[in-house]
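Here are the chains, one letter per residue:
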Amino acid sequence: MSGPETTPTGVAETELLALEFSEDTSLDTPPTTLPQAEQQLPGSAGEHLLQEAYGDTKRARRFYRDQVLEHLNEVMIEFVERMEMAFVATSDAKGEADCSLRAGPAGFIRVLDRQHIAYPEYRGNGVHASLGNISENPHIGVMLVDFVRDLIGLHVNGKARIVEHEDMLLEQPQLDGEHEPGRRPQRWVVVDIHEAYIHCRKHIPRMQPVDRNRSWGTDDSRRKGGDYFGARAEQTQQAKQADQVEHAERPDTSR
């Protein structure tokens, strides 16, 4: 016997949650398709094996059939063009992973066509973790989340290539001059889309935008966050302790 429906704090309204939690049994009988062995399913072999092991094959196949596209449709394009941040996942040739944040004004992620998006790379800390991974392994996952209006997410997976800004202007001349002061792109990441699909809203918190002055392009350590997590202080302390130990163990040659 179910109790009254309530809206969990910080998530979507009750009617939206009800839609997400609902199970449409009319979708349980798949339409006539090619034999399973001849189908090219989205996702990895690992996820397919676990779907079988955990008894989720039917739900997963329904999701693949209904929600996974190999391109952006018009609704997705509008969604991408109003996003102000993205989470970018990459890995190197050995599979060592990294996830990074990219942010900018609405439209900073450019939809070149329904098969390609591009985002700018600006001057940063000089590490080039994401670009270094892409140079070894082009597979990329871009996660876009609307925390403000619709409480929904969009996954965009595909293969990426690095394009220098000047070369990008030759391909996309409309990008010339379209950047904020102090935010001239050095290069771009162009993503050839292989998968685009929804991320459900159930656990997406609602957030309220707050105006702030951003120090684009600054080298001021304090404005960039300084040693917020104390890593530099810890490294300095460890180096100091190692130096003290080495000095203590060094033979006294003064006598």
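All values reported here derive from a predicted model rather than from experimental measurement.

(A) Here's a closer look at the overall build of the protein chain. Across its full length, the protein chain holds seven helices and seven strands. In sequence order, the protein chain lays out its α and β elements as α-α-α-α-β-β-β-β-α-β-β-α-β-α. Expressed as a percentage of the 255 residues in the protein chain, the buried residues total 30%. In the protein chain, once contacts between residues fewer than 6 apart in sequence are set aside, the share between residues at least 24 apart is 67%. Accessible surface, the protein chain: about 17300 Å² in total, of which carbon and sulfur atoms supply 51%.

(B) Quick look at the pairing of strand β2 (residues 97-103). Sheet analysis places strand β1 (residues 85-91) next to β2, joined by seven bridges and oriented antiparallel. Bridge pairing in β2 links Ala-89 to Cys-99.

(C) A look at the side chain of Asn-137. Relative to the assigned elements, Asn-137 resides in the loop between α5 (129-136) and β5 (139-146). Among the polar contacts listed, one links the side chain of Asn-137 to the backbone nitrogen of His-139, at a separation of 3.1 Å. If we ignore the near neighbours within four places in the chain, the residues touching Asn-137 are Ser-91, Asp-92 and Ala-93.

(D) Structural view of the nonpolar core. Formed by 26 residues in total, the largest nonpolar core has its most connected members in Leu-72, Ile-109, Ile-117, Ile-140, Leu-144, Leu-154 and Val-189. Only α4 (74-81), β1, β4 (116-121), α5, β5, β6 (152-164) and β7 (187-199) provide two or more residues apiece to this core. The contacts of Leu-72, once residues within four sequence positions are left out, are Ile-77, Val-80, Val-111, Arg-114, Ile-117, Leu-154, Val-156, Ile-193 and Ala-196.

(E) Seen up close, the confidence of the model for the protein chain. Here the protein chain shows a mean pLDDT of 83. Residues at 70 or above account for 76%. Across residues 1-12 the pLDDT falls below 50, and counting only partners more than four positions away or on other chains, this stretch makes 19 contacts in the model. Every residue in residues 25-35 is under pLDDT 50, and counting partners more than four places away or in other chains gives nine contacts.

(F) Inspection of helix α3 (residues 57-67) at higher detail. Within the sequence span of α3, burial applies to Thr-57, Ala-60, Arg-61, Arg-62 and Tyr-64. Looking at the packing, one finds that the buried side of α3 touches α2 (45-53).

(G) Examining the pattern of salt bridges more closely. Taken as a whole and judged by the stated rule, the model has ten salt bridges. For Arg-59, the salt bridge is made with Asp-56, and the minimal N-O distance between the two is 3.3 Å. Where Glu-78 meets Arg-82, a salt bridge forms, and the shortest distance between an N and an O atom there is 3.1 Å. By relative accessible area, Glu-78 is classed as partly exposed at 38%. In the salt-bridge network here, residues are joined through shared partners; they are Glu-78, Arg-82, Asp-146, Arg-149 and Asp-150.

(H) Layout of the packing of aromatic side chains. Enumeration over the complete set of coordinates arrives at two aromatic pairs. For the pair Phe-63 and Tyr-197, a centre-to-centre distance of 5.9 Å together with 85° between the ring planes defines the contact as edge-to-face. Highlighted residues: Phe-63 in helix α3 and Tyr-197 in strand β7, separated in sequence by 134 residues. On the basis of relative accessible area, Phe-63 is assigned to the partly exposed category, the value being 31%. Taken together, a centroid distance of 4.8 Å and an interplanar angle of 80° make the contact between Tyr-228 and Phe-229 edge-to-face. Residue Tyr-228 shares its accessibility class with Phe-229, and that shared class is exposed.

(I) Broad picture of the sheet that holds β7. Reading across from one edge, β2-β1-β5-β6-β7-β4-β3 is the order of the seven strands in this open sheet, with antiparallel pairing throughout. Where the open sheet ends on each side, the last strands, each with one partner, are β2 and β3 (110-113). Within the sheet, the average angular offset between the axes of one strand and its neighbour, ignoring direction, is 35°. In this structure, β4 lies alongside β7, joined through six bridges in antiparallel fashion. Among the inter-strand pairings, Pro-120 is bridged to a residue of β7, identified as Trp-188. Sheet strands in contact with α4 are β3, β5, β6 and β7, and its direction is about 75° off that of β6. Together, β1, β2, β4, β5, β6 and β7 form the strand contacts of α5, whose direction differs from that of β2 by roughly 125°.

(J) Representation of the side chain of Asn-133 in the model. The topology assignment puts Asn-133 in helix α5. Overall, the relative accessible area of 10% leaves Asn-133 in the buried class. In terms of polar contacts, Asn-133 uses its side chain to reach the backbone amide nitrogen of Asp-92, at 3.5 Å. Apart from residues lying up to four places away in sequence, Asn-133 is in contact with Thr-90, Ser-91, Asp-92, Glu-96 and Asp-98.

Thresholds applied
Residues numbered from 1 in each chain as written. Predicted model: local features only at pLDDT ≥ 70, side-chain atom pairs only at ≥ 80, totals over all residues. Heavy atoms only, no water. Helix = DSSP H or I, 4+ residues; strand = E, 2+ residues; numbered from the N terminus. Buried < 20%, exposed > 50% of the residue type's maximum accessible area, 1.4 Å probe, protein only. Contact = heavy atoms within 4.5 Å. Areas by Shrake-Rupley, 256 points an atom, 1.4 Å probe, with all protein chains shown as cover. Pairing = 2+ DSSP bridges. Polar contact = N/O pair within 3.5 Å; in protein donor to acceptor, adjacent residues only side chain to side chain. Core = buried A, V, L, I, M, F, W, Y, C linked by side-chain atoms within 4.5 Å. pLDDT = per-residue confidence, 0-100. Salt bridge = Lys/Arg side-chain N within 4 Å of Asp/Glu carboxyl O. Phe/Tyr/Trp six-rings, centres within 6.5 Å; stacked < 30°, edge-to-face > 60°. Axes fitted to C-alpha atoms, helices over the stretch in contact; angles between N-to-C directions.

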